[in-house]
Amino acid sequence: MTSLSTRSAALCLALAAAGLAGCAAAVVGGAAAVGGLVAIDRRSPGTQVSDQTIELRAGSRASEVLGGRGHINITSYYRKALLTGEVPTEEIRQRVQAAVAGTPDVAGVVNELAVMADSTLAQRSNDTLITGKIKSSLLNTNGVPANSIKVVTERGTTYLMGRLTHRETDLATEVARTTGGVQRVVRVVDFISEQAALHPNDASGVTPAPAPVTSVPGIGGSPTPEGVVTHPVTQPTIVQPRQPIQVQTLPPVK
């Protein structure tokens with residue numbers, strides 16, 4: 001891994017050792033624009049550490065595949081690994097996905113890697129700015145559990161990750177899609193009930209195992225908004241047969 005990645009890994013390990021959460025995504029060949037806060041996280045402490053560990057291990061595996069080529073960000077939430085960034089060939093794209101899928105404790109992989117030249121430093125700086133604006137807006141939006149949502153921005157596409165109700169997903173999506181500079185919004189969400197949102201952990205304090213998200217025509221049973229595309233993505237899992245999770249895209253308001 002690069003020296004930047006090594007420093008990120010060391011920081012993540014230090015946070016994990018201290019029992020803290022909210023570590024930035026693992027980075028291979030560049031910087032990730034990721035937002036995630038520590039307090040009031042719906043994941044159990046064990047799941048938070050698991051996500052941090054997945055990012056580190058998957059980042060190391062991806063680095064071996066890349067061999068110094070490309071720019072990849074790996075973000076894990078609830079043991080689902082989101083891959084963003086750029087790689088030189090489709091073969092490498094698939095090899096990276098396979099390497100991450102084989103990482104211990106990974107429940108699923110969402111491969112959003114693009115086969116193209118690496119993004120520029122200016123683009124990555126702009127992505128970081130967009131992520132910061134969205135996180136700030138989420139914190140100031142009533143009804144949105146901002147500390148339980150990870151925000152990642154890559155080349156103007158913003159990814160929202162979390163365990164959210166349909167209502168919360170609607171609100172968070174509206175914040176993202178109306179933020180200046182956002183070109184597309186992708187939601188990688190485990191939908192949960194309003195009751196589950198109030199009691200995210202069971203009596204043992206352990207976050208329940210990831211459940212498949214049922215593909216629905218719209219959010220909360222409402223008609224599909226114009227421009228929304230739903231892509232069921234088959235996910236490898238370590239404990240159950242392959243199951244789909246829901247990835248939705250929504251263009252910003254003009």
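Please refer to the structure higher up on the page.
Counting restarts for each chain: residues are numbered from 1 in the order of the written sequence. Owing to the predicted nature of the model, reporting of local features is limited to residues with pLDDT of at least 70; listing and counting of side-chain atom pairs is limited to 80 or more, with chain, interface and lining totals taken over all residues. Side-chain descriptors were evaluated using all non-hydrogen atoms of the structure, hydrogens and water having been removed beforehand.

S.K.: Provide a residue-level description of the side chain of S119, including the pertinent values.
M.R.: Numbering of helices and strands runs from the N terminus, with a helix taken as a DSSP run of H or I at least four residues long and a strand as a DSSP run of E at least two residues long. Locating S119 in the fold gives a position in the loop between β6 (114–115) and α4 (121–139). N or O atoms closer than or at 3.5 Å make up a polar contact, with two conditions inside protein: a donor-capable atom paired with an acceptor-capable one, and, for residues adjacent in sequence, both atoms drawn from side chains. In terms of polar contacts, S119 uses its side chain to reach the side chain of R124, at 2.9 Å. In what follows, residue pairs with any heavy atoms lying within 4.5 Å of each other are defined as contacts. Not counting residues within four places of it along the chain, the set of residues in contact with S119 comprises H71, E86, R124, E154 and R155.

S.K.: Quick one: what's the story with α4, residue by residue and with numbers?
M.R.: For α4, spanning 19 residues, the distance from its first C-alpha to its last is 27 Å, which sits close to the expected 27 Å at 1.5 Å a residue. For every residue, the accessible area (1.4 Å probe, protein chains only) is compared with the maximum for its type, and the residue is labelled buried under 20%, exposed over 50%, or partly exposed between those bounds. If you check which residues of α4 are buried, you get R124, D127, I130, T131, I134, K135 and L138. For α4, the angular spread of buried residues about the axis comes to 135°, placing them on one side. More than 90 degrees from the buried face of α4, the exposed residues found are L121, A122 and L129. Multiplying one less than the number of residues by 1.5 Å gives the expected span of a helix. In this context, the arc is that of the directions from the helix axis out to the C-beta atoms.

S.K.: Outline the pairing of strand β8 (residues 157–164), supporting the account with residue identities and numerical values.
M.R.: Within β8, eight of the eight residues are buried, leaving the element largely enclosed by the surrounding structure. Side-chain alternation along β8 places T157, Y159, M161 and R163 on one buried face and T158, L160, G162 and L164 on a second face that is also buried. Here, a strand pair is defined by DSSP locating no fewer than two bridges between the strands. Here strand β7 (residues 149–154) pairs with β8 via six bridges, running antiparallel. Paired with T153 across the bridge in β8 is T158. Taken together, β7 and the strand that follows it, β8, pair antiparallel across an intervening segment of two residues, in which R155 is found at a positive phi of about 50°. As paired strands, β8 and strand β9 (residues 184–191) are joined by eight bridges and run parallel to one another. Its bridge partner lying in β9, Y159 is registered against V186. Handedness of the β8-helix α5 (residues 166–177)-β9 crossover: right-handed. When the strands point away from the viewer, a crossover counts as right-handed if the route from the first strand across the helix to the second turns clockwise.

S.K.: Describe the pairing of strand β4 (residues 80–87), listing the residues and the values that go with them.
M.R.: By the criterion of burial, β4 is predominantly enclosed, with eight of the eight residues buried. With seven bridges connecting them, strand β3 (residues 71–77) and β4 associate as antiparallel partners. What sits directly across from I72, in β4, is G85. Here β3 folds back onto β4 in antiparallel fashion, the turn holding two residues, of which Y78 has a positive phi close to 60°. Here four bridges tie β4 to strand β5 (residues 108–111), and the two strands are oriented parallel to one another. Bridging across to β5, L83 finds its partner in N111. Where the polypeptide runs from β4 across helix α3 (residues 90–101) and back to β5, its parallel neighbour, the crossover connection is right-handed. Bridge count between β4 and β6: two bridges; the pairing is parallel. Directly across from E86, in β6, lies its bridge partner A114.

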